[in-house]
Each structure stands twice: as C-alpha cells, then as structure tokens.
Amino acid sequence: MILFLLMGLCLLGAACLVAAGGRAIRRKARIHAGPSTALWPDTAVVVPASGAAPELSEVVSSLLSQDYPSFRLVFVTRDMEDPASPVIAEAVEAHPGTQHILSGKAAGCGQKNHNLLRGVAALGHRPPILVFCDSTRIAPPHWLKALVAPVVRGEVEVTSGYHHGIPRDHRVPTLGHAFTILGLYLTKGIPLFNQPWGGGTAIRRKTFERLGVERIWSRTVVDDVSLAALLKKHRIKTGLSPGAVMTTPINGETVEAWLQWLVRQWFYLKVCLPGSWVAAGLTCYLFSGILILAAMGVIGAIPGWVTGVQALVCLTFLCLFAVLALVMRTLHPEPGPPWGWLAAAFLAPPMAAWAHMRTLFSMEITWRNIRYRVKWKGVVEDSGMEK
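Residues numbered from 1 in each chain as written. Predicted model: local features only at pLDDT ≥ 70, side-chain atom pairs only at ≥ 80, totals over all residues. Heavy atoms only, no water.

A.B. asks: Account for the sheet that holds strand E5 (residues 158-167), naming residues and giving values.
C.D. replies: The sheet built from seven strands is open, its strands ordered E3-E2-E1-E4-E6-E5-E7 with mixed pairing. Single-partner strands in this sheet number two, and they are strand E3 (99-102) and strand E7 (238-250). Strand-to-strand twist across the sheet, computed as the mean angle between neighbouring axes with direction ignored, equals 20°. Pairing geometry for strand E4 (residues 129-133) and strand E6 (residues 200-204), over five bridges, is antiparallel. Paired with Ile129 across the bridge in E6 is Arg204. The strands touched by helix H2 (residues 56-64) within the sheet are strand E1 (43-48), strand E2 (71-77) and E4, with E2 carrying the most contacts at an inclination of about 155°. (Pairing = 2+ DSSP bridges. Helix = DSSP H or I, 4+ residues; strand = E, 2+ residues; numbered from the N terminus. Axes fitted to C-alpha atoms, helices over the stretch in contact; angles between N-to-C directions. Contact = heavy atoms within 4.5 Å.)

A.B. asks: Report on the pairing of E5, specifying residues and quantitative values.
C.D. replies: Within a regular strand, the side chains alternate between the two sheet faces. Within E5, ten of the ten residues are buried, leaving the element largely enclosed by the surrounding structure. A two-sided burial pattern is seen for E5, the buried positions comprising Val158, Ser160, Tyr162, His164 and Ile166 on one face and Thr159, Gly161, His163, Gly165 and Pro167 on the other. One ladder, built from three bridges, connects E5 with E6; its direction is antiparallel. The partner of Ser160 across the bridge, within E6, is Thr201. Relative to E7, E5 is paired through nine bridges, and the arrangement is parallel. What sits directly across from Ile166, in E7, is Pro249. (Buried < 20%, exposed > 50% of the residue type's maximum accessible area, 1.4 Å probe, protein only.)

A.B. asks: Break down H2 for me, with residues and values.
C.D. replies: Taken as a whole, H2 has its buried residues at Leu56, Val59, Val60, Ser62, Leu63 and Leu64. Against E1, E2, helix H3 (84-93), E4 and helix H5 (143-152) lie the buried residues of H2.

A.B. asks: Tell me about empty space enclosed by the protein, and please be specific about residues and values.
C.D. replies: Any space left empty among the atoms is revealed by the rolling of a water-sized probe across them. Counted according to the given criterion, the structure contains two cavities of 30 Å³ or more. Here the second largest cavity defines a volume of roughly 40 Å³. In terms of lining residues, the second largest cavity is bounded by Phe132, Pro196, Trp197, Gly198, Thr201, Trp217, Asp223, Asp224 and Leu227. (1 Å grid on protein atoms, 1.4 Å probe; cavity = no way out; pocket = protein on both sides within 12 Å on 5 of 7 lines; lining within 4 Å. Points joined across faces, edges and corners; volume = space filled by probe spheres on them.)

A.B. asks: Explain the packing of helix H9 (residues 224-233) against helix H10 (residues 255-272) to me, and be specific about the residues and the numbers.
C.D. replies: It is at 9 Å that the axes of H9 and H10 come closest, and there the two elements cross at 35°. As H9 packs across H10, the resulting crossing turns out to be right-handed. Counting all contacts with H9, which are made through Val225, Ser226 and Ala229, the residues of H10 involved are Tyr268, Leu269 and Cys272. Across the contact of H9 with H10, the residue classes tally to five nonpolar, one polar and no charged. (Left-handed = near helix turned anticlockwise from the far one by under 90°. Nonpolar A, V, L, I, M, F, W, Y, C, P; charged D, E, K, R; others polar.)

A.B. asks: Mind laying out the environment of Val156, listing which residues take part and the relevant values?
C.D. replies: Assignment of secondary structure puts Val156 in the loop between H5 and E5. Setting aside its immediate chain neighbours within four residues, Val156 contacts Pro150, Val151, Arg204 and Gly239.

A.B. asks: If you had to explain the packing of helix H1 (residues 2-26) against helix H12 (residues 308-329) to someone new, which residues and values would you point to?
C.D. replies: One way to put it is that H1 packs onto H12 with a least axis distance of 11 Å and a crossing angle of 10°. Taken together, the axis directions place H1 and H12 in an arrangement best described as roughly parallel. Contacts from Phe4, Met7, Cys10, Leu11, Ala14, Ala15 and Val18 of H1 reach H12 at Gln310, Val313, Cys314, Phe317, Leu320, Phe321, Leu324, Val327 and Met328. For the contact of H1 with H12, the per-class residue count stands at 15 nonpolar, one polar and no charged. (Parallel < 35°, antiparallel > 145°, perpendicular 65-115°, else oblique.)

A.B. asks: Explain the side chain of Thr159 to me, using residue names and the numbers behind them.
C.D. replies: Along the chain, Thr159 falls in strand E5. Judged by its relative accessible area of 0%, Thr159 falls in the buried class. Only 3.1 Å separates the side chain of Thr159 from the backbone oxygen of Gly239, close enough to count as a polar contact. One polar contact links Thr159 to Ser241, side chain to side chain, over a distance of 2.5 Å. (Polar contact = N/O pair within 3.5 Å; in protein donor to acceptor, adjacent residues only side chain to side chain.)

Note that every value here comes from positions in space, so none of it alone points to a role or purpose.
Next comes the structure, spelled out in structure tokens:
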C-alpha cells in the first residue's frame, strides 16, 4: 500500500512539474524595453570558448547576428593554441568592434571563470548590463533582446534563459541527453527552483559589482551554480526570460558521455548548494526506485510472483509515466521519434540517480582535460592538466 501511495505521489509531482514548466516554456517573449525606456541600454556579451566544436562557426555567426541595437561581443579563449581561437579570430576580423581576448591559464579557479573575468575586465566600467553565454549554443536573432528585456524593464536584477538539446541522431543516449535538458528546463518554471544558467544569463553591472561576483568567480570551479549560491545568500531572485531559448546540437552521444555530463551537473550542485543536492538526489532516488519496482511488478506477474491487481497498478503507473513523457515531447522543438523518446524517458531517472551516486564521495571533477580538486562552496583547492 505504501508503494502504491508513493507511485501516486511521484506521478502527481511529475505532472505538476510538467504543467508548471510547460507554461513557462510556452510563454512568449515580451521583447520591448517598456514604456519608460525609449532606448535599449548598451550591453556586452562575454563568451568564454574552448575547443573547436563542429557548430562553433554557427554559434559565432548567430551571436554576431543579434538584432540588439547596441552591444559589444567579447570572445575569450585561453591562448592561440586552443582550437577555438582560429575560428573566433577569423570571425572577429570581419566584424570590427567585436573582441577576441586571450586570457592565459587560470590559477585558483575554473578556466571558464577565469575567461569570464578577463572578458569583464576588458569592458572597463561599462556597459550597464552584462551578459554571459556559452560557445556551444546557437542563438536566434531575438535572443539578446529577449534575455535582457526583464532587466531593462526593471522587473529583476538577474535573468536567465535556457536551451533545448537538439538531437542530430536517434540513438537513445542522444535522445536521453535531450530529454534530461528538457527536464531541467521544466524546473525553471517553478521560481523557487530557477537559477542562473551559464549558457545565457544577464545581470545589472551594479548588481555584479555590489555582490562581489568577481571575488567569488576568482576562486570557484563553476560560474552559474556559484552565482546561484551567491544570489540565494542575498535573497535575489533570478527571472526566467521567455523566448531567450538557445539550441545545442547533440550528435553521436554515448551512454558514458551522457553520464559524465550528468555527473558534472550534480557535482557543481553538491559543492555550491549541498542542501539542494541532497533534496534533488533523494527525489531522484525515490522516483528511480519506484520506476524500477513498477517494471519488476509487471514482469513479476508472468511467473506469478505478484498478484494481478498489483501488476495492474504497476502497469498503470508505467503507462501514466509514458503519457507524461509524451506530453513533455510536445514541448520540444525536435524530439525525435516517439519510441526513442520513451526509451530515453524511462532510462533518464536511473541514469540521473547513478550519476548522483558517483558524486557521493568525490571532491574532484574533470572538465576540458583539466582536473580540479574542490572544497565546499566550490572553491578550487588544486588543478592540473590531465595526462
């Protein structure tokens, strides 16, 4: 009876998440500066980059093509040996006013954080709005306007968008990665769970300086989760910008690559927001356990290990979960075939639970071939290149 009650609670919680997140995803952008603002303020976009992803040229082109009236674009790579540097340097040469900065090797913080701070330093004390985004996301022309609009209108001090993972093949790990990204997107529809996202966040320059973000980033391993912890400490809410949705191509994903991505998400949450890591992990364990037990209940009816009524309840749970997964599929622009999406949906919770377990006793993370040993609050204790 307790198991069946937990099944019902899990389905109810998942349905509420899909409903609230779905409304947020479907909201249309209010892309205007507001009645009290005649012009869009100057804005700068800082883009840390590393590696030559196949879509890098498309990403750079999409950022250069924003319809925002006045913005500076600053790309930051570690050195000219980085594969991203030649691609960016060529694009910058054709667009005067766009900068490419070499940051050098990071010391005492994550390389991405170091790149971000060097980009901010190059801007001086202007402009009044700072935007940070990744070099692996493709932005529609209206993205920058949609992202900063809530800040310009004075609704929030910090706002964030999100992205969809776009599968370029129909392998289950590829679809699973896309499904997981969509699941995280849904959490942004609940204000309590919404956090700044490193792939696309806008913040007032005065807020950035008042909170001492530079001091935090200069010693931590990750940008967005450490910023989330800082905002939580000062009780500053992060707004969700409707319409500020980027896309991330996903191609040739493997189970191990998907798992490692999940491990990084859990690890950053663990060291920066341990309370959230515990709560989210327990929820993930519960849902995964119920999902596995329900599947076992259906299979167990074949040799007669469970009663017909028990098997029917388990089958009903699995069918309702499949319905929720298909509803989620309608929220994705390119979800792939239904069969692959459902397979990914059933695999995603156990994968997330396993990834969480991998972070239980670990205080090290590897990203972009750099190993970081980290203390609580995300502070980097030591780092070095992987051999």
